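Take a look at the letters that make up each chain.
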Amino acid sequence: MGKYRDLAEKIVENVGGKENINSLTHCITRLRFKLKDESKANDDVLKNMDGVVTIMHSAGQYQVVIGNHVGQVYEDVVDMTGLGGESNTPEESSGSLFDRLIDVISGIFQPFLGALSAGGMIKGLNAILVAAGVLTAESGTYIVLNAIGDAIFMFLPIAVAVAAAKKFGVNQYVGLVIGGALCYPAIQLSTLTAGGDVQPLYTLFSGSMFESPVYMTFMGLPFVANDYTSSVIPSILIVWLASKLQRPLRKVIPEVIQNFFVPFFLLLIALPVGFLVIGPVITILTNMLATGFDSLLAFSPILFGLIVGFFWQVLVMFGLHWSLIPIAILQLGTMGYATALTGMFGASFAQTAAVAAMYFRLKNPKEKALVLPAVISGICGVTEPAIYGLSLPKKKPFVFSMIGGAVSGAFMTAMGVRSYVMGGLGVFGIPSYINQQTGDSSGAIYSVIAIAIASVIGFVLTFFFWRDDTVVEEIPEGQKAMEVRKEIVTSPVQGQMMPLSTASDQAFAQGALGKGVVIHPTVGEVVAPFDGTVMTMFPTKHAIGLISDNGLELLIHIGLDTVQLDGKYFEAHVEQGAKVKRGDKLVSFDIKAIEEAGFSVETPVIVTNSADYLDIIETDHKEGISSSDELLTVLV
């Protein structure tokens, strides 16, 4: 049961019950119901309910404003009703940079862990059927099963980008396109170099460890290609960049065309920048690691195995494991065997064993349910479900698995184990250590011992030295739901309130100056809408800038183009810098004289620091509004 279960039950009851709800989604502060009959909802009860800020009728939705914990209330409502929808609320992480990175990566994988685990199990099943002689790698059944199991891994950038878009508050279809572009065949390094005799246009930093061949250019700039399929970090970085571009683009692009042109510019900027920056960075880091690993292997094979085993899972996460692949291929081609990859063999088993040990310590039943499929796919060499779903979010088990991988890696290289083919993953990699020409199977025996070493270390360290610190919070009976910090802005002008989008001035209508409303005054008087300070009193007296004692900045702009009246028909009752109380008279103005002079008196009331707040909610007044009525509810 979630901590807001009681609140969720009361909300569902007062919107007319589950049977009155067609659908439910949420944004950053509001539950957005589509009700079959809104007359069945108890507006007054909901407005005065602890944990509810207010309710709104807008755009065919019945909106219950909750505050910044709306996601948790939403989950409890969904849990008890079975309803649900999609939301695009950006999520924030806290803690150190490392903690935030881990939280981002693991959080992104949560939505598709089930599919990831299923894919790993299907790949494992396929490998077992081949090993048992039931299928061959050339059979149609194998190919179809491999396509089903491998799809989520081959096109992992798409799944990652879609989930990252949701986490960072970007349109998920923009994320879909970003992931798709990363998987596009024509830009993969393997495609550009297909055929083996393809020469680069030129090479950057030729002869150094930073050497980067360039096979094509983008607008005259060098496009350093990589193979992005199955990668994780490039998708996250490019979507993150898109999220940072999104806000300024929304500020400069008119709202009426934002649906088309915001995605247009996001994709046109974020993807090329991502390709032009990420490609060279990955290439340089890969080359540096390849040089370092090559030297380390020559200096001390045991130390090499220790380091490779320890860092292998991290290298795979960042796509830097390719630094070792060319060394292994070169060794196989020149010597008939390879030692460059033997150090990594035990890493997946250490990871799998650590996750198995977590089962006995996990408190959350939903997390426990992930363990079995993660172990099954891990035994078959597919550890993504184990890493991203379990060990990485908990941190310590992931480190313990790295230790197990390091010790097993050192053992493999100390025993001089060689691989004779680029073999399978997990237990299916054991045959790759058998010398088919001599029949020597000692390498396979050592690999089994390495599995045992890695598994024992990963399991024991996790079982004895890790405790799940998850706290299942429960609200004690009778305790009120979390209070939401809010500020009420009363109407500074009496008249007819209209949405800001109806303003005659497009700068106001498009929200360029902030969120708010428009009031068509019926009384020529402006009063203070809160306790605060007169920040700006324009010399022409047609506009006033206020700041509340809590820091809310409000602009009251009396009329349109009334600056041209140069103060005529306006009278100020306070000076700039004056302290005011809610209801104090600020300015008087002559509505009739202003209109006879040819000017409109429609008055935009704008929260100019809107970006500092979770949400700004307009009052539900459909008739006229007086200067004592609530106009805006601002959520902090």
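Small disclaimer: the values here were computed from a predicted structure and weren't measured.

Novice: Just checking my understanding: could you explain the nonpolar core for this structure?
Specialist: Taken as a class, soluble globular proteins show a tendency for nonpolar side chains to be buried jointly. Ranked by internal contacts, the top residues of the largest apolar core, which has 67 residues, are Phe 109 and Phe 112. Taken domain by domain, the makeup of this core includes at least three residues from each of domain 2 (98–289) and domain 3 (300–468). Among all residues touching Phe 112, those that are not within four sequence positions of it are Ile 152, Leu 156, Ala 159, Val 160 and Ala 163. Of all hydrophobic cores here, the second largest spans 35 residues; its members include Leu 554, Phe 589, Val 605 and Val 634.

Novice: Mind showing me how you'd approach the sheet that holds strand 22 (residues 630–635) here?
Specialist: Within a beta sheet, neighbouring strands are joined by backbone hydrogen bonds and run either parallel or antiparallel to one another. Read across the open sheet, the 3 strands follow the order 9-22-20; overall the sheet is antiparallel. Each end of this open sheet is capped by a strand with a single partner; those strands are strand 9 (486–490) and strand 20 (615–618). Geometrically, the sheet is characterised by an average inter-axis angle of 20 degrees between neighbouring strands, direction not taken into account. Alignment of strand 9 against strand 22, held across 5 bridges, turns out to be antiparallel. Residue pairing across strands places Val 489 opposite Leu 632, the latter belonging to strand 22.

Novice: For this particular structure, what's the right way to read the environment of Ala 163?
Specialist: As for its placement among the helices and strands, Ala 163 is situated in helix 7 (residues 156–168). Placed 53 residues apart in sequence, Ala 163 and Gln 110 show a C-alpha to C-alpha distance of 8.5 Å. With residues up to four places along the chain from it excluded, the contact list for Ala 163 reads Ile 108, Pro 111 and Phe 112.

Novice: What am I meant to see in the packing of aromatic side chains here?
Specialist: What characterises a pair of aromatic rings is the spacing of the ring centres plus the angle enclosed by the ring planes. All chains considered together, the criterion is met by 16 aromatic pairs. With a centroid separation of 4.9 Å and 85 degrees between ring planes, the pair formed by Phe 310 and Phe 311 is classed as edge-to-face. Between the aromatic rings of Phe 360 and Phe 459, the centroid separation amounts to 6.3 Å while the plane-to-plane angle is 70 degrees, which identifies the pairing as edge-to-face. Of this pair, Phe 360 sits in the loop between helix 14 (347–358) and helix 15 (365–379) while Phe 459 is found in helix 18 (residues 442–465), placing the two residues 99 residues apart along the sequence. Take Phe 459: its relative accessible area is 29%, and that puts it in the partly exposed class. Residue placement shows Arg 361 over the ring face of Phe 463; its charged tip is 4.1 Å from the ring centre.

Rules used in this analysis
Residues numbered from 1 in each chain as written. Predicted model: local features only at pLDDT ≥ 70, side-chain atom pairs only at ≥ 80, totals over all residues. Heavy atoms only, no water. Core = buried A, V, L, I, M, F, W, Y, C linked by side-chain atoms within 4.5 Å. Buried < 20%, exposed > 50% of the residue type's maximum accessible area, 1.4 Å probe, protein only. Domains from an automatic or database assignment. Contact = heavy atoms within 4.5 Å. Pairing = 2+ DSSP bridges. Helix = DSSP H or I, 4+ residues; strand = E, 2+ residues; numbered from the N terminus. Axes fitted to C-alpha atoms, helices over the stretch in contact; angles between N-to-C directions. Phe/Tyr/Trp six-rings, centres within 6.5 Å; stacked < 30°, edge-to-face > 60°. Lys NZ or Arg CZ within 6 Å of the ring centre and 35° of its normal.

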